[in-house]
Amino acid sequence: MAPGEKIKAKIKKNLPVTGPQAPTIKELMRWYCLNTNTHGCRRIVVSRGRLRRLLWILFTLTAVALIFWQCALLVISFYTVSVSIKIHFQKLDFPAVTICNINPYKYSAVRDLLADLEQETRGALKTLYGFSEIKSRKRRDAESWSSVWEGTRPKFLNLVPLLAFKEGEMGKARDFLTGRKRKVSGSIIRKESDVMNVHESKEVVGFQLCSNDTSNCAVYTFSSGVNAIQEWYKLHYMNIMAQVSLEKKINMSYSAEELLVTCFFDGVSCDARNFTLFHHPMYGNCYTFNNRQNETILSTSMGGSEYGLQVILHINEEEYNPFLVSSTGAKVIIHRQDEYPFVEDVGTEIETAMATSIGMHLTESFKLSEPYSQCTEDGSDVPVENIYKAAYSLKICLHSCFQTKMVEKCGCAQYSQPLPPAANYCNYQQHPNWMYCYYQLHQAFVREELGCQSVCREACSFKEWTLTTSLAQWPSEVSEKWLLSVLTWDQGLQIKKKLNKTDLAKLLIFYKDLNQRSIMENPANSIEMLLSNFGGQLGLWMSCSIVCIIEIVEVFFIDSLSIIARQQWQKAKQWWAQRQAPPCPEAPPSPQGQDNPVLDIDDDLPTFTSALHLPPAPGTQVPGTPPPKYNTLRLERAFSNQLTDTQVPAEF
């Protein structure tokens with residue numbers, strides 16, 4: 001074998017070739033793992049420890065399995081020749097419908113309870129305006145104001161006196177009870193009138209409310225006497241009715257058979273059994289249709305008036321309280337099944353002798369909670385107790401907050417709202433100054449001084465029905481005779497009189513169409529989108545993947561921290577060993593190589609040149625070397641004489 005071939009074989013034996021020319025599969029796989037750009041395979045080879053190597057094997061195999069799975073799905077989807085057809089028949093749940101008569105209680109049932117109040121109200125009206133058409137204005141003014149009470153001593157006017165103010169004399173007022181002028185102290189609060197006055201009034205009517213010690217008073221004035229009388233009457237009415245038991249009030253109000261004459265839903269007949277009783281403090285017995293009876297909610301699959309709710313209501317105007325309500329009809333409110341019906345706030349009034357058609361359009365709203373908005377999912381994170389047995393809403397929170405403040409400040413609850421736990425409704429006998437406290441608290445609530453508006457939050461999801469109302473005269477003149485006769489015959493057992501069209505009202509509630517509008521909030525930036533953006537940037541600029549991120553975490557955090565911890569542990573062990581070792585006397589320093597002044601320039605080992613200049617170590621004897629014997633170095637001639645041709649010529 002040639003010398004070059006021997007050298008090549010020896011080098012190949014000592015330095016084995018890797019890569020495609022590797023002698024074994026194991027060497028080939030090792031070379032691939034050390035040189036590939038897939039980080040997982042490389043980490044399997046270079047990782048130390050069985051556990052770490054096993055984890056990298058699991059990570060890599062999982063990533064490979066996911067890649068094959070996703071690619072298989074893409075290929076199957078690509079080669080699948082199919083189309084998708086969606087047919088969706090939409091049915092909308094019909095909302096709950098609560099119907100109330102505007103007059104809460106039958107006048108014949110509550111007349112005895114309100115007899116004294118009505119007598120004083122009529123006397124106040126006669127004193128202020130006069131009902132006799134014979135007497136002139138001057139004669140009524142000259143007549144003694146106290147003569148209208150006919151010897152009786154009013155108690156309601158004594159508790160809350162009605163006052164008449166003349167323009168420009170707000171510091172003095174004429175008392176309805178005595179007919180005399182007296183000074184009025186305290187703040188004067190003006191209430192806007194619901195009735196438009198074309199001419200400026202020369203006289204203003206109001207009433208005065210004071211605290212227990214009568215040191216703090218407030219006068220509430222109204223530009224219209226109608227509003228003043230109704231507000232004054234309403235205060236005393238709530239005081240009287242707050243002392244009546246709930247069972248008795250339900251019996252004094254209208255029953256479902258008395259209120260509902262006919263009923264149809266989605267073309268099918270219904271009756272009073274499809275309605276649920278709901279007693280409202282200010283509207284008496286109300287009845288709710290589709291209130292999730294038997295855990296079922298009615299729905300409709302068609303739009304239009306023929307597929308909604310149709311009812312005929314018996315209003316019975318003869319039983320109306322003349323001072324409590326001044327209009328005739330009913331109130332209807334459309335709401336969710338789990339929502340409290342705020343009839344006094346958002347109810348729609350239904351006129352008598354009219355057919356009222358209400359077309360609905362449903363809108364659902366879904367808002368995102370924190371950190372996107374301040375809404376609440378169910379009100380559990382709002383620090384206000386829900387005193388209504390219904391789902392949370394902003395209105396429920398505000399009313400609950402005010403009622404709670406009312407109990408704290410005034411010691412009793414306001415009559416028009418539900419009772420909080422362990423509380424009673426306000427009345428004169430137990431809380432003489434509750435009216436003054438209520439009005440002061442209500443003023444603070446309107447000015448947002450109670451903190452309710454800052455604490456209560458909107459609900460994140462809610463349903464809202466947009467209503468379109470239209471009216472038509474009903475019944476018509478040509479059908480009035482026979483229609484009223486038939487309805488009278490149908491309701492003969494309940495009404496026992498001939499019906500008049502002013503006692504009836506027709507109501508139609510239906511979906512205009514089945515198009516439901518949904519308003520949903522979605523986050524503009526999500527966790528998935530953030531990770532996707534990060535991955536795109538890292539892959540574009542650094543060719544980095546999730547396996548690379550794991551590798552970085554392993555090297556720069558796990559391994560680096562373990563090395564630092566190990567070094568600190570070694571230093572701590574050395575420090576502890578030095579501290580525990582006994583002290584020893586110091587030995588004189590022995591000359592060292594680095595103590596040589598020639599080598600002070602650095603801490604490197606001496607070179608050959610610098611080593612020649614080092615001084616000999618003290619106390620050492622360098623062994624002597626005998627001089628060479630030069631005679632032994634002389635060569636003996638092989639020939640005695642030098643040949644002539646080999647002689648070197650002499651130099652000159």
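So, how was this worked out
- Residues numbered from 1 in each chain as written.
- Predicted model: local features only at pLDDT ≥ 70, side-chain atom pairs only at ≥ 80, totals over all residues.
- Heavy atoms only, no water.
- UniProt positions renumbered as here; feature names shortened; annotations may be inferred.
- Helix = DSSP H or I, 4+ residues; strand = E, 2+ residues; numbered from the N terminus.
- Buried < 20%, exposed > 50% of the residue type's maximum accessible area, 1.4 Å probe, protein only.
- Contact = heavy atoms within 4.5 Å.
- Areas by Shrake-Rupley, 256 points an atom, 1.4 Å probe, with all protein chains shown as cover.
- Core = buried A, V, L, I, M, F, W, Y, C linked by side-chain atoms within 4.5 Å.
- Disulfide = S-S within 2.5 Å.
- Lys, Arg positive; Asp, Glu negative; His and termini not counted.
- Salt bridge = Lys/Arg side-chain N within 4 Å of Asp/Glu carboxyl O.
- Pairing = 2+ DSSP bridges.
- Axes fitted to C-alpha atoms, helices over the stretch in contact; angles between N-to-C directions.
- Phe/Tyr/Trp six-rings, centres within 6.5 Å; stacked < 30°, edge-to-face > 60°.
- Lys NZ or Arg CZ within 6 Å of the ring centre and 35° of its normal.
- Expected span 1.5 Å × (residues − 1).
- 1 Å grid on protein atoms, 1.4 Å probe; cavity = no way out; pocket = protein on both sides within 12 Å on 5 of 7 lines; lining within 4 Å.
- Points joined across faces, edges and corners; volume = space filled by probe spheres on them.
- Parallel < 35°, antiparallel > 145°, perpendicular 65-115°, else oblique.
- Left-handed = near helix turned anticlockwise from the far one by under 90°.
- Nonpolar A, V, L, I, M, F, W, Y, C, P; charged D, E, K, R; others polar.

Going by the annotation in an unreviewed UniProt entry, the name recorded for the protein is Epithelial sodium channel subunit gamma, with Equus przewalskii given as the source organism. Recorded in UniProt for the protein, the comment headed Sequence similarities (unreviewed entry) runs: "Belongs to the amiloride-sensitive sodium channel (TC 1.A.6) family. SCNN1G subfamily." According to the UniProt record, the Subcellular location (unreviewed entry) comment for the protein reads "Apical cell membrane".

Trainee: Can you help me understand the overall build of the protein in this one?
Mentor: Along the protein, the regular secondary structure elements total 21 helices and 20 strands. Per-residue burial for the protein yields a buried fraction of 36% across its 652 residues. For the protein, the proportion of contacts with a sequence separation of at least 24, taken over those separated by at least 6, is 70%. For the protein, the exposed area adds up to about 43,400 Å²; of that, 57% sits on carbon and sulfur atoms.

Trainee: Can you help me understand the nonpolar core in this one?
Mentor: Burial of nonpolar side chains together is a common tendency in soluble globular proteins. Counting residues in each nonpolar core, the largest one holds 104 residues, and the members touching the most others are Phe94, Ile99, Phe207, Tyr237, Trp434 and Ile509. With residues up to four places along the chain from it excluded, the contact list for Ile99 reads Leu259, Phe275, Cys286, Tyr287, Val311, Leu313, Lys331, Val332 and Leu507.

Trainee: Whenever I open this one, the state of the cysteines confuses me. Can you help?
Mentor: Simply put, the disulfide is a covalent bond whose two ends are the sulfur atoms of two cysteines. On inspection of all chains with the given rule, the structure shows seven disulfides. The disulfide bridge from Cys410 ends at Cys437, spanning 1.8 Å between sulfur atoms. The disulfide joining Cys410 to Cys437 has a torsion of about -85° about its S-S bond and is therefore left-handed. Here Cys437 lies in helix α14 (residues 434-446) and Cys410 lies in helix α13 (residues 394-410), a separation of 27 residues in the sequence. Given the relative accessible area of 12%, Cys410 is considered buried. Cys437 gets classed as buried once you look at its relative accessible area, which sits at 13%.

Trainee: Can you help me understand the side chain of Glu319 in this one?
Mentor: In this fold, Glu319 is placed in the loop between β14 (309-314) and β15 (330-335). Within the buried core, Glu319 has no salt-bridge partner, and the shortest N-O distance to an opposite charge, that of Arg111, equals 6.3 Å. Once residues within four sequence positions are removed from consideration, Glu319 is found in contact with Asn103, Tyr105, Lys106, Tyr107, Ser108 and Tyr254.

Trainee: How do you make sense of the sheet that holds strand β16 (residues 348-350) when you look at a structure like this?
Mentor: In a beta sheet, neighbouring strands are held together by backbone hydrogen bonds and run either parallel or antiparallel to one another. Spatially, five strands are ordered β11-β12-β2-β15-β16 in an open sheet, and the strand pairing comes out antiparallel. With partners counted over all chains shown, the strands left at the sheet margins are β11 (275-280) and β16, one partner each. Averaged over all pairs of adjacent strands, the angle between strand axes in this sheet comes to 30°, irrespective of strand direction. As defined by bridge partners, strand β2 (residues 96-101) adjoins β15 across six bridges and the pair is classed as antiparallel. Across the sheet, residue Thr98 finds its bridge partner in β15, namely Ile333.

Trainee: Before we go on, may I ask you to explain the pattern of salt bridges in this structure?
Mentor: Opposite charge on two side chains lets them pair, provided their charged atoms get close. Going through the model one piece at a time under the given rule, you end up with nine salt bridges. A salt bridge links Asp338 to Arg336, with the nearest nitrogen and oxygen atoms 3.1 Å apart. In this structure, the salt-bridge partner of Lys463 is Glu364, at a minimum N-O distance of 3.8 Å. Here the residue Lys463 occupies a position in strand β18 (residues 461-473), and Glu364 occupies one in strand β17 (residues 354-366), the gap between them amounting to 99 residues. Judged by relative accessible area, which is 31%, Lys463 ranks as partly exposed. Residues joined by salt bridges that share partners form a network here, namely Glu370, Asp381 and Arg457.

Trainee: What should I look at first to understand the packing of aromatic side chains in this one?
Mentor: Where two aromatic rings form a pair, the distance of their centres and the angle of their planes describe that pair. Across all of its chains, the model carries 17 aromatic pairs by this definition. Judged by centre distance (6.1 Å) and plane angle (90°), the ring pair of Phe94 and Tyr511 falls under edge-to-face. Within this pair, whereas Phe94 is found in the loop between β1 (92-93) and β2, its partner Tyr511 is found in strand β19 (residues 504-511), the two being separated by 417 residues in sequence. Assigned by exposure class, Phe94 and Tyr511 land together as buried. Ring plane angle 45° and centroid distance 6.2 Å describe the contact between Trp575 and Trp576, whose orientation is recorded as tilted. According to the relative accessible area criterion, Trp576 is partly exposed, its value standing at 46%. One aromatic cluster is present, formed by Phe207, Phe402, Trp434, Tyr438, Tyr439 and Phe445 through successive ring pairs. One residue, Lys395, lies across the ring of Phe342, its end atom 5.9 Å from the ring centre.

Trainee: Would you mind showing me how to read helix α6 (residues 115-128) here?
Mentor: Relative to the 20 Å expected for 14 residues at 1.5 Å per residue, α6 spans 20 Å between its end C-alpha atoms, a close match to the ideal helical length. Inspection of α6 places Leu117, Glu118, Glu120, Thr121, Gly123, Ala124, Leu125, Thr127 and Leu128 among the buried residues, and these make up the whole buried set.

Trainee: What exactly am I supposed to notice about the layout of surface pockets here?
Mentor: Empty space among the atoms becomes apparent when a probe as large as a water molecule is rolled across them. By volume, the second largest pocket is sized at about 640 Å³. Lining the second largest pocket are 23 residues, with Glu339, Lys395, Phe462, Lys463 and Glu464 sitting closest to its centre. Of all the elements in the fold, those that place two or more residues in the lining of the second largest pocket are β15, α13 and β18. Considering every element that reaches the lining of the second largest pocket, the biggest residue donor is β18, with six residues.

Trainee: In this structure, what is going on with the packing of α6 against helix α9 (residues 225-241)? I would like to understand it.
Mentor: Packed helices, taken two at a time, are described by the angle their axes make and the gap between the axes. At a minimum axis separation of 11 Å, α6 and α9 run at an interaxial angle of 170°. Comparing the axis directions of α6 and α9 gives the class roughly antiparallel. Considering only the axes of α6 and α9, their crossing is right-handed. Only Ile229, Trp232, Tyr233, His236, Tyr237 and Ile240 of α9 make contact with α6, whose side of the interface consists of Leu117, Glu118, Glu120, Thr121 and Leu125. Looking at the contact of α6 with α9 residue by residue, the classes come out as seven nonpolar, two polar and two charged.

Trainee: Explanation requested: the pairing of strand β12 (residues 284-289) in the structure shown.
Mentor: A regular strand carries its side chains on alternate faces of the sheet. The element β12 is largely enclosed, with a buried count of six among its six residues. Pairing geometry for β2 and β12, over four bridges, is antiparallel. Across the sheet, the residue bridging to Ile99 is Tyr287, located in β12. Sheet topology note: the β11/β12 ladder contains six bridges and is antiparallel. Its bridge partner lying in β12, Phe278 is registered against Cys286. The turn joining β11 and β12, which pair antiparallel and follow one another in sequence, is formed by three residues.

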